Amino acid sequence: MPATIILGSQWGDEGKGKLVDRLAEQATWVVRFQGGNNAGHTVVLGDQVLKFHLLPSGITRKECNLILGDGMVIDPWVLDTELKGWEESSGEDPSGDRLFVSERAHIILPYHRYMDSLDKKIGTTGRGIGPTYADKINRIGLRFGDLAEVIDDSHWASSTAERMNAALEAVGSKDRVNASDLASEVKWIFERYQSAIAPTGVMLDNALKLGERVILEGAQGCLLDIDQGTYPFVTSSVTSRGNATHGAGIHPGHVDEVIGITKAYITRVGNGGMPTELEDEIGHHLGTIGHEFGTTTGRKRRCGWFDAVVMRHAQRINGFTGLALTKLDVLGGLEEIKICVAYELDGKEIHEMPSSATALERCKPIYVSTPGFPAHSLDEWLDIAKAANRDGKGINALPAAAQNYIRQLEGLLGVPVTSVGVGPDRDATIDLV
Ligand code: GDP
Ligand code: IMO
Ligand code: MG
C-alpha cells in the first residue's frame, strides 16, 4: 500500500496533528521526516488535549509504529520529557517497541540552543534547530547512529567542546560548553535511546513492500521552507513534498496522496512579510475565537485573510492531491469573508509570490469578497460534523455561504477540498469525499 504525505501549506500550525491523528487510524506507520521540537502539534480527544513536539501524532493509535526520521534534528532531553509525559498518561513506553529514532537523525545539544538564543532577526522558536542544521550542512554534526563511536572518547569531547566554545565566543555569547559535561551527556543519550536507534529507512521500505500504510507527517509549512519559503524568515529544513520521502529514507514512488492542510484564514508566528495580516477587530476575532497562540512558544500568532497567492505557491511546490481545510468554524459570525487573489507590488498587480522578503513586505493584498455565515458553539459544530459523516451529507451539512466559500477556494486553487475542520476535536471534521 502506498504512502500519504500530510503537509502544512501556509506558515505552520494549520492543524497537522489533528489530521494525522485522524488518518493514523488506518496506518501502520507515522513518520516525522524533518524539523524538530520547533513543531507543536495538537490532538484533542474529548477533554484531553495532547501537544506533541517530537512524537509523531499517530502515537494516539496503539497499533501504529512511529519513526523520527533521517531528516530530523532531535533534542534528546525534550524527547525524554515527551516520552515520560506519554507514559504517565497512557502507561506505555513505546521506545524501541513501536517508536524508533533514525540513526541518521542529528542531535540537538545545549550548544545549539545557546547559539539559537542569540537570534534577534527571525523570531525562531529558540530550540536550536537552525544551528543543528548548520552543523549538519557543515558536516560536523552528531548523529544518533554515531554516538557509539564518540562515547568514552575523551578526545572527541574535548575537541568538540573547544570548537563550540570558540564559536560561542566569536558570536559574543557568554555560554560555554564543558568537555566532561558533554562526555556525560552523549553517554546518557546513547544509553537512553540505544534500544530505539534503528535504520528506519530500511524498516519503512520493508513495511511498504509488505503493503503496510505509511503516513509522512510534515512539520512547519510550505512558506517556512528553507528554499521555497519567505527566506530568510523561514525554518532551516525543506518542509515540502520533495523532502518527505527523502527525509524518511524511502523513494518518492511510494507516494500516491499528498494532502495540503490549510486554515480557512492564515496565521504566522515569528517575523517576516504577511500581506493579508489584519491588525483590526477581524484579526482580533480570528486570534480570539481561533485561540491563535503558538503551541511551542505560546507566542500570539499573527492572523489574516486566506491568501490564494500563498496557496498557489504551495500547490506549485507540492502538487497536493487534496486540501484539508481547517478552522472553518472560526469564520462563523463574520458578515463578510475576504480572499486575497493577487498582490499589488509597486503599482503592478502580481499573481505569484515575490522571492524577496523586502518585496513581500511591500505587497498589498487584492481581495474578492464573499458573504459570511452564522457562528455556532464548538459543541454545535461537533454535532454538525458527526451527523454529516454519519449521514454522508458532506459539504451539504454546511451553511450555503460556507459551501460557496469552499467552492471558491477550490476554483482558485484547482485542488479539491477533501475535509473541513469545524473544531479542535478529533471528530470535528467533515469528510467531503
Ligand atoms: P499543527 O502544528 O499544524 O499541528 O497545528 P497546531 O496544533 O500548532 O495548531 C492548530 C490549532 O488549531 C490547535 O490548537 C488545534 O487544536 C486547533 N484546530 C485544529 N483544527 C481545528 C478546527 O477545525 N477548528 C478549530 N476551532 N480548531 C482547530
Ligand atoms: P508546526 O509544525 C509555526 C517558525 C518560527 C520562526 C521560524 C524559524 O507546529 O507547524 P525555527 O525555530 O524553526 O528556526 O524558527 O519558523 N516556526 C513555526 N511556526 N509552526 C511551526 O511548527 C513552526 N516551526 C518554526 O516561529 O518564525
Ligand atoms: Mg503547531
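Here we summarise the structure given alongside this text. Note that this is a predicted model, so its numbers are computed, not measured.

Calculation notes
- Residues numbered from 1 in each chain as written.
- Chains lettered and ligands numbered in written order.
- Predicted model: local features only at pLDDT ≥ 70, side-chain atom pairs only at ≥ 80, totals over all residues.
- Heavy atoms only, no water.
- Near = heavy atom within 4 Å.
- Polar contact = N/O pair within 3.5 Å; in protein donor to acceptor, adjacent residues only side chain to side chain.
- Areas by Shrake-Rupley, 256 points an atom, 1.4 Å probe, with all protein chains shown as cover.
- 1 Å grid on protein atoms, 1.4 Å probe; cavity = no way out; pocket = protein on both sides within 12 Å on 5 of 7 lines; lining within 4 Å.
- Sits in = over half its atoms within 2 Å of the grid points.
- Nonpolar A, V, L, I, M, F, W, Y, C, P; charged D, E, K, R; others polar.
- Salt bridge = Lys/Arg side-chain N within 4 Å of Asp/Glu carboxyl O.
- Helix = DSSP H or I, 4+ residues; strand = E, 2+ residues; numbered from the N terminus.
- Buried < 20%, exposed > 50% of the residue type's maximum accessible area, 1.4 Å probe, protein only.

With that settled, the discussion passes to the site of ligand 2. What surrounds ligand 2 is a group of 20 residues, the closest being Lys16, His41, Thr125, Gln220 and Thr235. Take Gln220: an N or O atom from its main chain is 2.8 Å from an oxygen atom of ligand 2. If ligand 2 stood free it would expose 550 Å²; the protein chains cover 97% of that surface. For ligand 2, the cavity whose grid points lie within 2 Å of the majority of its atoms is the second largest pocket. For the shell around ligand 2, the per-class residue count stands at seven nonpolar, 10 polar and three charged.

A few words now on the pattern of salt bridges. On inspection of all chains with the given rule, the structure shows 22 salt bridges. The shortest N-O distance in the salt bridge between Glu292 and Lys263 comes to 3.0 Å. Of this pair, Glu292 sits in the loop between helix H10 (281–289) and strand S13 (302–304) while Lys263 sits in strand S11 (residues 255–263), and the two are 29 residues apart along the sequence. Its relative accessible area of 1% is what places Glu292 among the buried residues. The class for Lys263 is buried, based on a relative accessible area of 0%. Taking the shortest distance from any N to any O, the salt bridge between Glu292 and Lys327 comes out at 2.9 Å.

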